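What the coordinates show
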Amino acid sequence: MAEHLQTFPNPCLLELDDELYAGPPWQRLELPPQGLLLPESLRALRSSETEAVLPERDTARPDQALAYFDALIQKRPRWEAWVADFPRSTWMPLGLVSEWGWGSGRRGLVQDPDSTPGLRPLFESVCGPLGGEALGWQAWPAFQAVQIFALPQPWHHALAQNPTLGPVYSSSVLWTAFWQHRIAASDSKTRHIALLIGQRDASIWVMEPHKLCHHGRYLISHSHDILFHLLRQKEEHGASVLHFAGSITEDPELRAALEGAFEQVFAVGIEGAQDGAINRLECLQEGLRLWQAACE
């Protein structure tokens, strides 16, 4: 159930691999310029892009990053929660939370990963070495699963210095809650696939109403990459129903291929459409509502 993504330290923020919201009132935040390498863990880079990044990858700017967060706090001090996308993340059994002594809550921060036996090797086996990041965690008890994610050090410092900043939620956990709720409400008894597409990568969930079978994240350079990954997961897990948010593709041949490959294809609104269409932010809000109702 692990997420798979090639990542490098000190990236910038973009689209699905770089979402940052705060609220209520819920708004997508204006992000810093790309020259400010803000979070160590919030962007994936293709191998062809690393040459330009390598000279900067070890040049952290914690003071600038902390100043950015401080400015956000001062600008909107009454925002009650933050939702961010953390690509360096993986799912683990929820029972480990009790075994590791993290308390009875459903989310938190791991101040010292090395103090939890086995945590760092498990995380780094999927996500690569920690680069000074803290680790956060958020559970989804409906699947008896907990997501562990790398939290950018500047954000961790900001949380430690200003308690009014939090709480912080992982967007992929909220999407997991959202998709599970939709799938549980459907009449289909088969396994389902849910898809969320960004500019640089796509997240794919395979689930039953009460079981998370797979959650992976895949870099994409062409729309047909999406088809490849979807069909591979469909074949591996025997899933025959597809859900997606927004517009799945502008390629009519690809759209036809997907509709032919799955018994049912459900769209959760089309971005920009009229007459009550649900956009991605509203889906994320609904995911947070479901998570809070179950966990807080």
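Each remark here, short or long, concerns the structure printed above.
Presented here is a report on the structure given in the accompanying data block. (Residues numbered from 1 in each chain as written. Predicted model: local features only at pLDDT ≥ 70, side-chain atom pairs only at ≥ 80, totals over all residues. Heavy atoms only, no water.)

**Remarks on the overall build of the chain**
Helices and strands together make up the secondary structure of the chain, namely 9 helices and 13 strands. Evaluated residue by residue, the chain yields a buried proportion of 53% over its 296 residues. Contacts in the chain between residues at least 24 apart in sequence constitute 72% of all its contacts with a sequence separation of at least 6. Accessible surface, the chain as shown: approximately 13100 Å² in total, 50% of it carbon and sulfur. (Helix = DSSP H or I, 4+ residues; strand = E, 2+ residues; numbered from the N terminus. Buried < 20%, exposed > 50% of the residue type's maximum accessible area, 1.4 Å probe, protein only. Contact = heavy atoms within 4.5 Å. Areas by Shrake-Rupley, 256 points an atom, 1.4 Å probe, with all protein chains shown as cover.)

**Here's the deal with the sheet that holds strand β6 (residues 134-140)**
Strand order in the open sheet made by the 4 strands is β4-β7-β6-β5, with antiparallel pairing throughout. What marks the edges here is a single partner per strand, and that holds for β4 (89-93) and β5 (107-110). For this sheet the average axis-to-axis angle between neighbouring strands, irrespective of direction, equals 25 degrees. As paired elements, β5 and β6 share 4 bridges and run antiparallel to each other. Note that in β6 the partner of Leu109 across the bridge is Gly136. Against the sheet, helix α4 (residues 119-127) engages β4, β5, β6 and β7 (145-151), with an angle of about 130 degrees to β4. (Pairing = 2+ DSSP bridges. Axes fitted to C-alpha atoms, helices over the stretch in contact; angles between N-to-C directions.)

**Considerations on α4**
Every buried residue of α4 is listed here: Leu119, Phe123 and Cys127. For α4, the buried positions fall inside an angular range of 25 degrees around the axis, keeping them on one side. Facing away from the buried side of α4, by more than 90 degrees, are the exposed residues Pro121 and Ser125. At its buried positions, α4 is contacted by β4, β5, β6 and β7. Once α4 finishes, Gly128 follows within two positions and takes phi at roughly 85 degrees, a positive value. (Arc of directions from axis to C-beta.)

**Looking at unusual backbone geometry**
Notably, Gln144 is not glycine yet its phi reads approximately 50 degrees, a positive angle. The residue Gln144 is located in the loop between β6 and β7 in this model.

**Structural notes on the environment of Phe86**
Mapping Phe86 onto the fold places it in the loop between β3 (81-84) and β4. Sequence separation between Phe86 and Ser170 is 84 residues, and the spatial gap between their C-alpha atoms is 6.5 Å.

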